[in-house]
Amino acid sequence: MSETTTLEGLKDAMEGTEAAAPVSTPDANAVPAVQKLDKFGRAYATGKRKNAVARVWIKPGSGRIKINGRDLEVYFARPVLRMILNQPLVVAARENQYDITATVTGGGLSGQAGAIRHGLSRALTYYEPELRGVLKKEGFLTRDSRVVERKKYGKAKARRSFQFSKR
């Protein structure tokens, strides 16, 4: 084997071995994203927040949202909770394109709205895998793990002490 000491010699030596090292692209090993639909053509996902758990189904439609059999405006009377629920659709520019059905249990209204938002974001990525990057960047696919701190013994609440009395 001859040694090459110049760049020209290296170039000449490499011309003879064109297929020496196959070039691997990062996309060559990646698994293509596929839709995950049930037999009715719906995407299903579970969302969680605090103590609330939401089961969410989406399918193409006119934008009708049903939660536990009731309309969105009836179930979530506060506009803030409706806004939380619609955030993934607004970010993905898919407002009024999907019919959403959700069942949610546990927790309060705020936790339930967050659980539905989490489930809706996941269901959108199952129906349209190319939306994953947009929703992940906004943080909608991450489960918010903050929960209420437990009460400690000798305390009035988790951290609050009983009122101190000198006498």
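On a predicted model such as this, the values are computed, not experimentally measured, just so you know.

A word on the pairing of strand 2 (residues 52–60)
Link 1 in the chain: Inspection of the sheet shows strand 1 (residues 43–49) paired to strand 2 by seven bridges, in the antiparallel sense. Within strand 2, the position partnered with Ala43 by the bridge is Ile58.
Link 2 in the chain: Bridging between strand 2 and strand 5 (residues 98–105) involves eight bridges; their strand directions are antiparallel. Bridging from a neighbouring strand, Ala54 pairs with Val104 of strand 5.

Focus: the pairing of strand 5
Link 1 in the chain: Judged from the three bridges that link them, strand 3 (residues 65–67) and strand 5 form a sheet pairing that is parallel. Bridging from a neighbouring strand, Ile67 pairs with Ala102 of strand 5.

Quick look at the side chain of Thr125
Link 1 in the chain: Within the secondary structure, Thr125 sits in helix 4 (residues 109–127).
Link 2 in the chain: Its relative accessible area of 9% is what places Thr125 among the buried residues.

Details of the pattern of salt bridges
Link 1 in the chain: One pass over the structure, following the stated rule, counts seven salt bridges.
Link 2 in the chain: Residue Asp71 is joined to Lys66 by a salt bridge in which the shortest nitrogen-to-oxygen separation is 3.4 Å.
Link 3 in the chain: Assessed through its relative accessible area of 34%, Asp71 is described here as partly exposed.
Link 4 in the chain: With a relative accessible area of 25%, Lys66 lands in the partly exposed category.
Link 5 in the chain: One salt bridge connects Lys152 with Glu149, and the closest N-O pair in it is separated by 2.6 Å.
Link 6 in the chain: A residue is classified by how much of its surface remains accessible, and Lys152, at 26% relative accessible area, is partly exposed.
Link 7 in the chain: Here the salt bridges do not stand alone but share partners, grouping Arg49, Asp144 and Arg146 into one network.

Thoughts on the side chain of Arg94
Link 1 in the chain: Position of Arg94 among the secondary structure elements: in the loop between helix 3 (79–91) and strand 5.
Link 2 in the chain: There is a polar contact of 2.8 Å between the side chain of Arg94 and the side chain of Glu128.
Link 3 in the chain: Among residues more than four places away in sequence, those in contact with Arg94 are Leu89, Glu128 and Leu131.

Quick look at helix 3
Link 1 in the chain: Between the first and last C-alpha of helix 3 there are 18 Å, a value that for 13 residues agrees with the 18 Å anticipated at 1.5 Å per step.
Link 2 in the chain: At Leu85, helix 3 is bent by approximately 40 degrees, the largest bend along its length, and proline Pro88 sits one to four residues beyond.
Link 3 in the chain: Regarding helix 3, the residues found buried are Leu81, Ile84, Leu85, Pro88 and Leu89.
Link 4 in the chain: Contacts from the buried residues of helix 3 go to strand 3, helix 2 (72–75), strand 5, helix 4 and helix 5 (132–138).
Link 5 in the chain: Backbone geometry just downstream of helix 3 places Ala93 in the positive-phi region, at approximately 55 degrees.

Basis of the calculations
Residues numbered from 1 in each chain as written. Predicted model: local features only at pLDDT ≥ 70, side-chain atom pairs only at ≥ 80, totals over all residues. Heavy atoms only, no water. Pairing = 2+ DSSP bridges. Helix = DSSP H or I, 4+ residues; strand = E, 2+ residues; numbered from the N terminus. Buried < 20%, exposed > 50% of the residue type's maximum accessible area, 1.4 Å probe, protein only. Salt bridge = Lys/Arg side-chain N within 4 Å of Asp/Glu carboxyl O. Polar contact = N/O pair within 3.5 Å; in protein donor to acceptor, adjacent residues only side chain to side chain. Contact = heavy atoms within 4.5 Å. Expected span 1.5 Å × (residues − 1). Bend = angle between axes of the 7 residues up to and from the residue.

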